[in-house]
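Observations on chain architecture
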Amino acid sequence: MHSPTKFQWDDLRYLLAVAREGSTLAAGRALGVDQSTVQRRLAELERRIGQSLVQRQPTGYRLTEFGQDMLPFAETVESAVLAFERQIQTLGGEIRGVIRMTCPEPIVNRIAQTGLLDRFHARHPALSVQFVMSDKYMDLRQGDADVALRSGDTDDGELVGRKIGDSVWAIYASKAYIAQHGQPACVQDLASHALVGFDATMAKHRLSLWLREVVPNAELASRSSSVLGLIYSVKAGLGVGALPMPLGDAEPDLVRVLGPVTELTRIWRMLTTPELRRTPRVSAFFDFIVEEIDTLQPILTG
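Rules used in this analysis
Residues numbered from 1 in each chain as written. Predicted model: local features only at pLDDT ≥ 70, side-chain atom pairs only at ≥ 80, totals over all residues. Heavy atoms only, no water. Pairing = 2+ DSSP bridges. Helix = DSSP H or I, 4+ residues; strand = E, 2+ residues; numbered from the N terminus. Right-handed = clockwise from strand over helix to strand, strands pointing away. Phe/Tyr/Trp six-rings, centres within 6.5 Å; stacked < 30°, edge-to-face > 60°. Buried < 20%, exposed > 50% of the residue type's maximum accessible area, 1.4 Å probe, protein only. Lys NZ or Arg CZ within 6 Å of the ring centre and 35° of its normal. Axes fitted to C-alpha atoms, helices over the stretch in contact; angles between N-to-C directions. Contact = heavy atoms within 4.5 Å. Expected span 1.5 Å × (residues − 1). Arc of directions from axis to C-beta. Left-handed = near helix turned anticlockwise from the far one by under 90°. Nonpolar A, V, L, I, M, F, W, Y, C, P; charged D, E, K, R; others polar.

**With respect to the pairing of strand E8 (residues 195-198)**
- Of the strand pairs in this sheet, E8 and strand E9 (residues 220-224) are connected by four bridges, and their pairing is parallel. Opposite Phe-198, over in E9, you have Ser-224 as the bridge partner.
- This β-α-β element, E8 to helix H8 (residues 206-214) to E9, shows right-handed connectivity.
- The pairing of E8 with strand E10 (residues 240-244) spans two bridges and is classified as parallel.

See below:
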């Protein structure tokens, strides 16, 4: 084995991202880099360590036995680095640095189009916002992100935040699908239609739970790990699917056939940890978001 002093600590970010996301493509999205960068940095880390950390399988990437053994140590390094960065910000008292915000991928483009980020940067030139895009809940207490724009049920009792609006879902189908198969007139009719839903990685999402309740024997025509994947599948005419109304209503080729679905309605919140909420950079971002709630609400609630 090579000397552990020769590898780059920053390469551990790529190992952690692949371990959490299950693929180099998803890891690249989470880190804001392309897939080839993730693969290259992982290969370099393995070369310097002299051991394989990940192995590719038909369903994605999995850690090797050695990778699993090293994972908790990589997480410890990550936590220590993040704690060091936060302490610098706290003690320095200067509002500067990076705010890592996690939110679903389709929301990012909608936020960017409002000019909200430009107004924030104009007020705080030394602060920048970095998106950590994921439909899964990132663990803020473990340093996966600084703030979360999150909808749905949450058991993060240690987080603090502010309600932004309501997350409302409805059932959609493409015009082409309706022309060929018709459309459901009620929820019970879903059993006779091809359906689009989440895969096993999103089994606890409220949409997955609701579908299992109302259509318990459904065979999904398409499965995805993200809301963006649901949108693409419904637009492609693969089946009928539930979508957030701001996103579904914005697609000219889709028709809202049922809903809103009350059982899928949840609250959009901006969340962070109590410790981060007291830091100058996160406090500045939160204060700005509160002022911009009227801008954010149409993006999230339609």
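**Concerning the packing of aromatic side chains**
- One pass over the structure, following the stated rule, counts two aromatic pairs.
- Ring centres 5.3 Å apart and planes at 85° place the aromatic pair Phe-120 and Phe-285 in the edge-to-face group. With a gap of 165 residues between them, Phe-120 in helix H6 (residues 116-123) and Phe-285 in helix H12 (residues 280-291) connect regions that are remote in the sequence. Side by side, Phe-120 and Phe-285 carry an identical accessibility label, which is buried.
- The ring of Tyr-14 is capped by Arg-13, whose NZ or CZ atom sits 5.4 Å from the centre of that ring.
- In this arrangement the basic side chain of Arg-150 is found over the ring face of Tyr-137, its NZ or CZ atom lying 4.3 Å from the centre.

**What to know about unusual backbone geometry**
- For the peptide bond that leads from Gly-259 to Pro-260, omega is 10°, which places it in the cis range.
- Counting through the fold element by element, Pro-260 comes out in the loop between strand E11 (254-258) and strand E12 (266-272).

**Quick notes on the sheet that holds E8**
- Pairing is mixed in the open sheet, where five strands are placed in the order E9-E8-E10-E7-E11. Two strands in the sheet have a free side with no partner beyond their single neighbour: E9 and E11. Sheet twist, expressed as the average angle between the axes of neighbouring strands with direction ignored, equals 45°.
- Running at roughly 135° to E8, H8 makes contact with strand E7 (169-174), E8, E9 and E10 of the sheet.

**A few points about helix H3 (residues 35-49)**
- Given a rise of 1.5 Å per residue, 15 residues ought to cover 21 Å, and the 21 Å separating the end C-alpha atoms of H3 matches this to within 8%.
- Every buried residue of H3 is listed here: Thr-37, Val-38, Arg-41, Leu-42, Leu-45, Glu-46 and Ile-49. Buried residues of H3 fall within an arc of 165° about the axis and therefore sit on the same side.
- One or two residues past the end of H3 sits Gly-50, with phi positive at roughly 90°.

**Observations concerning H12**
- In a regular helix each residue adds 1.5 Å, so twelve residues correspond to 16 Å; H12 covers 17 Å between its end C-alpha atoms and thus fits that length.
- Of all the residues in H12, the buried ones are Arg-281, Val-282, Ala-284, Phe-285, Phe-286, Phe-288 and Ile-289.

**Things to note about the packing of helix H1 (residues 12-21) against H3**
- Contact pair H1 / H3: the axes reach a minimum separation of 9 Å and the direction vectors enclose 115°. Note on packing geometry: the crossing formed by H1 with H3 is left-handed. On H3, the residues touching Leu-12, Tyr-14, Leu-15 and Val-18 of H1 are Thr-37, Val-38, Arg-41, Leu-42 and Leu-45.
- The residue inventory of the contact of H1 with H3, partitioned by class, reads seven nonpolar, one polar and one charged.

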